[in-house]
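Structural overview
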Amino acid sequence: MEAKTCVVLLALVAAAAVADAQRNGRNRGGKPRGPPQLPDGDVYSWARNVSGSSVDESAFVPTGSNLIIMRSFDEGLRGLNLSRASILYDFSTPSPLVAIGSFGPCFITNTNLTYQDVIDELDARNGSSASTTAEFRLDGTSLPLPLEQVRPLYDNYPSLRRACRDGRVIMTTPDVGNAVPFETEDLTILVVDGTVAIRIPKRIPRAPRPIGGFTNPSQNRFGPRVQGRRPGQDLFTTGTQTPSQETSTTSTTTTTTANANPPPSV
């Protein structure tokens, strides 16, 4: 009996030692754990002056690619009515593309900037501060692209598979103030060359979360499931629709997007 007790105690001591080592940044072999390894590339960081305040931003340029990933995640953004976001600039094709990810859906637009334009700007502001005054407006009230249109987009721009992890891809157009049958709000984000305000359907506030889970398990911060959609996808519909009406709306939105003038540079 005493031998069994000793074995159990030794096992508990060993488990506690492993847990303590992991909490202190060491793996099971006792070697220090370093930070997550990024692929080879250049990292830029700077402070942006916004309305008399300063927010920290960064960018990463993977070696041997035509991609630039900017991150604007400063805690002070909320107090400036700005949203935190990750912005992907993809210059891998003759038609450069920008993917803006913030609270969920991925908003797609194009840009008049070139890869070298962005690199030159990052070189100029790296380790210092920057101020930008350009303002852009985009309309992000359309429905997410159907899967049959998302797949070829991912084939042409493989970087979007990681940038748009939410799965909902929304093609934006220049915001000209078109009337829509629902309330809207602006999602305002800092991009490399200025500020972009994306008009989106008004989001449903998150309900207080009680101990043990959501008040209604079918709801999350983006609202309830509707007609089998993922949580929150109903935010980008224009109301209750029958399947035939929804197909028609999606088709119309897609046609409008395809024929729209290119949005301003972001």
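What counts, and at which threshold
Residues numbered from 1 in each chain as written. Predicted model: local features only at pLDDT ≥ 70, side-chain atom pairs only at ≥ 80, totals over all residues. Heavy atoms only, no water. Helix = DSSP H or I, 4+ residues; strand = E, 2+ residues; numbered from the N terminus. Buried < 20%, exposed > 50% of the residue type's maximum accessible area, 1.4 Å probe, protein only. Contact = heavy atoms within 4.5 Å. Areas by Shrake-Rupley, 256 points an atom, 1.4 Å probe, with all protein chains shown as cover. Patch = residues over 30% accessible without salt bridge, like charges linked within 9 Å, V, L, I, M, F, W, Y side chains within 5 Å. Salt bridge = Lys/Arg side-chain N within 4 Å of Asp/Glu carboxyl O. Lys, Arg positive; Asp, Glu negative; His and termini not counted. Charge placed at Lys NZ, Arg CZ, Asp CG, Glu CD. 1 Å grid on protein atoms, 1.4 Å probe; cavity = no way out; pocket = protein on both sides within 12 Å on 5 of 7 lines; lining within 4 Å. Points joined across faces, edges and corners; volume = space filled by probe spheres on them. Nonpolar A, V, L, I, M, F, W, Y, C, P; charged D, E, K, R; others polar. Arc of directions from axis to C-beta. Core = buried A, V, L, I, M, F, W, Y, C linked by side-chain atoms within 4.5 Å. pLDDT = per-residue confidence, 0-100. Phe/Tyr/Trp six-rings, centres within 6.5 Å; stacked < 30°, edge-to-face > 60°. Lys NZ or Arg CZ within 6 Å of the ring centre and 35° of its normal.

**Concerning the overall build of the chain**
Per the secondary structure count, the chain includes five helices and 14 strands. Counting only residues that meet the buried cut, the chain has 37% of its 266 residues in that class. A separation of at least 24 residues holds for 55% of the contacts in the chain among residues at least 6 apart in sequence. When the accessible surface of the chain is split by element, carbon and sulfur atoms take 52% of a total near 15,500 Å².

**So, a negative patch on the surface**
A cluster of like negative charges, contributed by Asp42, Asp117, Asp120 and Asp123, occupies part of the molecular surface. A per-element tally of the negative patch places helix α2 (residues 115–125) first, with three residues. For aspartate 117, a relative accessible area of 38% gives the class partly exposed.

**Some points on the layout of surface pockets**
Put simply, the largest pocket is a space of about 700 Å³. Counting residues per element, the ones that place at least two in the lining of the largest pocket are β2 (53–62), β3 (67–72), β4 (85–90), β5 (97–101) and α4 (160–163). When residues in the lining of the largest pocket are grouped by element, the largest group, four residues, is from β2. Residues that form the lining of the largest pocket fall into these classes: 14 nonpolar, five polar and three charged.

**Details of α2**
Of the residues making up α2, those classed as buried are Val118, Ile119, Leu122 and Arg125. An end-on view of α2 places all buried positions within 140 degrees of arc, on one side of the element. On its buried face, α2 sits against β1 (41–50), β2, β3 and β7 (129–130). Within two residues after α2, glycine 127 carries a phi angle of roughly 75 degrees, on the positive side.

**Describing the nonpolar core**
Counting residues in each nonpolar core, the largest one holds 29 residues, and the members touching the most others are Ile87 and Ile100. With near-sequence residues (within four places) excluded, isoleucine 87 lies in contact with Ile68, Ile69, Met70, Val98, Ala99, Ile100, Ile189, Leu190 and Val191. With 14 residues, the next largest nonpolar core counts Leu145, Val150, Leu153 and Tyr157 among its residues.

**Digging into the confidence of the model for the chain**
Summary statistics for the chain give a mean pLDDT of 75 and a share of 63% for residues scoring 70 or more. Considering only residues more than four positions removed or in separate chains, one finds that residues 3–28, a stretch of pLDDT under 50, has twelve contacts.

**A short note on the packing of aromatic side chains**
This structure, assessed with the given rule, holds two aromatic pairs. Ring geometry for tyrosine 89 versus phenylalanine 91: centroids 6.4 Å apart, planes at 5 degrees, classification stacked. For the residue pair tyrosine 89 and phenylalanine 91, the accessibility class agrees, reading buried in each case. Judged by centre distance (5.9 Å) and plane angle (80 degrees), the ring pair of phenylalanine 91 and tyrosine 115 falls under edge-to-face. With phenylalanine 91 in the loop between β4 and β5 and tyrosine 115 in helix α2, the pair connects residues that are 24 residues apart, well separated along the chain. On the accessibility criterion, tyrosine 115 (23% relative accessible area) is partly exposed. Here the aromatic cluster, defined as three or more aromatic residues joined through ring pairs, consists of Tyr89, Phe91 and Tyr115. Arginine 71 extends its terminal NZ or CZ atom over the ring of phenylalanine 73, reaching a point 4.2 Å from the ring centre.

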